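One letter stands for each residue in the lines below.
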Amino acid sequence: MSAMLAETRPDQAIAVINAPRSERKRVVIVGGGFAGIAAAHALRHADVEIVLIDRRNHHIFQPLLYQVATAVLSPAEIAAPIRQLEAKQRNVTVLLAEVTGVDLASRTIDSASPGAGVRKIAFDYLVVATGMRPSYFGHDEFARYAPGLKSLTDAETIRAKILGAFELAAATEDENERARQLTFVLVGAGPSGVELAGSLADLVKVTLRRNFRRIDPSQSAIILLDAGKRVLPTFDESVSRMVARRLEKRGVKVVMDVKVETVDDEGVIAGGNRIPSATVLWTAGVAASPVPKMLGTKTDRAGRAIVDPFLKVVEAPGVFVAGDAASVMQKGHPVPGVAQAAIQEGRYVGRLIAKELKGREVKRPFRYFDKGDMAVVGKNYAVLERGSLRTGGFLTWLVWAFVHILSLPQLQNRLRVQHQWVWSYFTGQRSSRLIPESPRMPSAELR
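So, a few notes on the structure that sits alongside this text. These numbers come from a predicted model, not from an experiment. Counting from 1, residues in each chain are numbered in the order their sequence is written. Reporting of local features is limited, given that this is a predicted model, to residues whose pLDDT is at least 70; pairs of side-chain atoms are given and counted only at 80 or more, and all residues count toward the totals for whole chains, interfaces and linings. Water and hydrogen atoms play no part in the side-chain values, which are based on all heavy atoms of the structure.

**Things to note about the side chain of Arg430**
Move 1: Only DSSP runs of H or I with at least four residues qualify as helices, and only runs of E with at least two residues qualify as strands; both kinds are numbered from the N terminus onward. Residue placement: Arg430 occurs in the segment after α13 (411-427).
Move 2: Buried charge without a salt bridge: Arg430, with Asp202 as the nearest opposite-charge side chain at an N-O distance of 4.5 Å.
Move 3: Throughout this description, a polar contact denotes any pair of N or O atoms lying within 3.5 Å of each other; where both atoms belong to protein, one of them has to be capable of donating a hydrogen while the other can accept it, and for residues adjacent in sequence the pair is counted only when both atoms sit in side chains. Within the structure, Arg430 has its side chain in polar contact with the backbone oxygen of Ser199 (distance 3.1 Å).
Move 4: The contact rule is simple, with two residues in contact once any of their heavy atoms fall within 4.5 Å. Not counting residues within four places of it along the chain, the set of residues in contact with Arg430 comprises Thr70, Ala71, Val72, Ser199, Asp202, Leu203, Thr207, Gln420, Trp423 and Ser424. Relative accessibility thresholds used throughout: buried, under 20% of the residue-type maximum; exposed, over 50%; partly exposed, between the two (1.4 Å probe, protein chains only). Think of it this way: Lys and Arg go in the positive column, Asp and Glu in the negative one, and His and the chain ends go nowhere. Here, a salt bridge means any Lys or Arg side-chain nitrogen found within 4 Å of an Asp or Glu carboxyl oxygen.

Spelled out as structure tokens, the structure:
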């Protein structure tokens, strides 16, 4: 499908690369996530040529990705095509490609497009906003058995594993195998792990409650593991305790201070103990994409480019890194890798470039404005922390729902999600409980 999308406008894609340079400066933005889209939007009135490159043709609203993984929402409800920017913003050209190299000396990047090979794209300004990917802390072999959650493909894979586990549990006669199929292990108790666990608990206790005759989904075991001391380690301890109690009330077993040693097709070994499980999900860590390392600048342990207070790469004029791919300090602490920070960084870089194009010197460094952190723990419960304000409960959940609906990329996304949430709230049902047909399953012929 990606190749087909790339071929829909081949003349334009080639023109971007091979046409003689115009008098306008060219800004190449790598990544169509929160930071990349915000940077492009901030340059909408600038007399500049923008080339936005992404290996996917869509922007994902990642804070709700876990709801696709647990069948609450469909992929289209939290995603929007990046190419719509061309219709809304005349100075933007979108290119479906993957960046494979960066040459700062010649000020070019190498991009590989489906069916078009590798081409070079020159730039005057470069904005790297490629985000993060799952990190298995040196154990990449775990990925085969424990998918992460960073893309729509990841979410659909997890959804299929979860729903497929119930089908296999209903089909088997082996009690031990049935118990293994009904045991779900989540590795990582940060916001993603907590939200995924809470939504999974609602799925097994409410949505699937009467869907099976041979098994009782509500008896499933949901285990949340982490090597840390508490859930939501970036939140205050009082908030962590509230969330841990809420998870346990929903039937999630929270196991902290335990390191996962092995993940295989039988389950996990954590703290020296084997936990049989057919569904292991990885929400424990993230690492930057390979692109920041291509810049030849210093990176932190997660592979994020270390930038100056203006989000610039040191000794590389006109090269910026924004969003989760950037490591920037503020008041002695790193700016968190959350959506609101990525949006603010992307907007700042776009405005900085626009001012430089007008010959204006930018003296004010980037300042992150923390609007607060939120996490939802299943139906009717969310927590909020902003400075000294720490709260949790139903009203906080309503605030969470309102903020997330407003933050979705398109009006149609907002209307669809709002409708789906209302329907699911009152019925307990989830409309996206689909398992893609597996080539291993025999297909029935209609006669």
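**What to know about unusual backbone geometry**
Move 1: Of note in the backbone geometry, Leu232 takes a positive phi value of approximately 45° without being a glycine.
Move 2: Relative to the helices and strands, Leu232 is located in the loop between β12 (221-225) and α9 (237-249).
Move 3: The exposure class assigned to Leu232 is buried, which follows from its relative accessible area of 0%.
Move 4: Positive phi is not limited to glycine here, since Asp257 has a value of about 60°.
Move 5: Checked against the element boundaries, Asp257 lands in the loop between β13 (252-255) and β14 (260-264).

**Brief notes about the packing of aromatic side chains**
Move 1: Each Phe, Tyr or Trp ring (for Trp, its six-membered ring) is paired with any other whose centre lies within 6.5 Å, and the angle between the two planes then decides the class: stacked below 30 degrees, edge-to-face above 60, tilted in between. With the rule as written, the count across this model stands at eleven aromatic pairs.
Move 2: A ring pair is formed by Phe394 and Trp397, whose centres lie 5.8 Å apart and whose planes are at 25°; its orientation type is stacked. Taken as a pair, Phe394 and Trp397 lie in helix α12 (residues 394-407) at a separation of three residues, close to a single helical turn.
Move 3: Phe394 gets classed as partly exposed once you look at its relative accessible area, which sits at 38%.
Move 4: Under the relative-accessibility criterion, Trp397 is labelled buried at 14%.
Move 5: Measuring from centroid to centroid gives 5.3 Å for Trp400 and Trp421, while their planes differ by 25°, and the two rings are stacked. On the criterion of sequence distance, the pair formed by Trp400 in helix α12 and Trp421 in helix α13 is long-range, its members being 21 residues apart. Like Trp400, the residue Trp421 is buried in the burial classification.

**Remarks on the sheet that holds strand β8 (residues 117-122)**
Move 1: In this description, strands pair whenever DSSP reports at least two bridges between them. The antiparallel open sheet is built from three strands, whose spatial order is β6-β7-β8. The open sheet has two edge strands, β6 (98-103) and β8, and neither has a second partner. Each strand axis lies, on average, 25° off the axis of its neighbour in the sheet, ignoring direction.
Move 2: Here β6 runs beside strand β7 (residues 108-113); their pairing, made up of five bridges, is antiparallel. As a rule, the C-alpha atoms of each element are fitted with a line to give its axis, helices using only the stretch in contact, and angles between N-to-C directions run from 0 to 180 degrees.

**Points about the pattern of salt bridges**
Move 1: Per the stated rule, a full pass over the model turns up 15 salt bridges.
Move 2: Across the pair Arg390 and Asp236 runs a salt bridge, and its minimum N-O distance is 3.6 Å. On the criterion of sequence distance, the pair formed by Arg390 in strand β26 (residues 389-393) and Asp236 in the loop between β12 and α9 is long-range, its members being 154 residues apart.
Move 3: Using a relative accessible area of 26% as the deciding quantity, one classes Asp236 as partly exposed.

**Side note on a nonpolar patch on the surface**
Move 1: The grouping of Val399, Phe402, Val403 and Leu406 at the surface amounts to a nonpolar patch, some 360 Å² of accessible area in total.
Move 2: Within the secondary structure, Val399 is located in helix α12. Patch membership requires more than 30% relative accessible area and the absence of a salt bridge. Residues of like charge join within 9 Å; the nonpolar side chains Val, Leu, Ile, Met, Phe, Trp and Tyr join within 5 Å. In these tables, accessible area is a Shrake-Rupley quantity obtained with a 1.4 Å probe, and a residue counts as shielded only by the protein chains included in the view.

**Here's the deal with the pairing of β13**
Move 1: What you see with β13 is a clean split: Val252 and Val254 sit on the buried side and Lys253 and Val255 on the side with no burial.
Move 2: Strand direction decides the pairing type here: β12 and β13, joined by four bridges, are parallel. Of the residues in β13, the one forming a bridge with Ile223 is Lys253.
Move 3: A crossover counts as right-handed when, viewed with the strands pointing away from the observer, the path leading from the first strand over the helix to the second turns clockwise. Handedness of the crossover is the feature at issue here: the chain leaves β12, passes through α9, returns alongside β13, and the resulting connection is right-handed.

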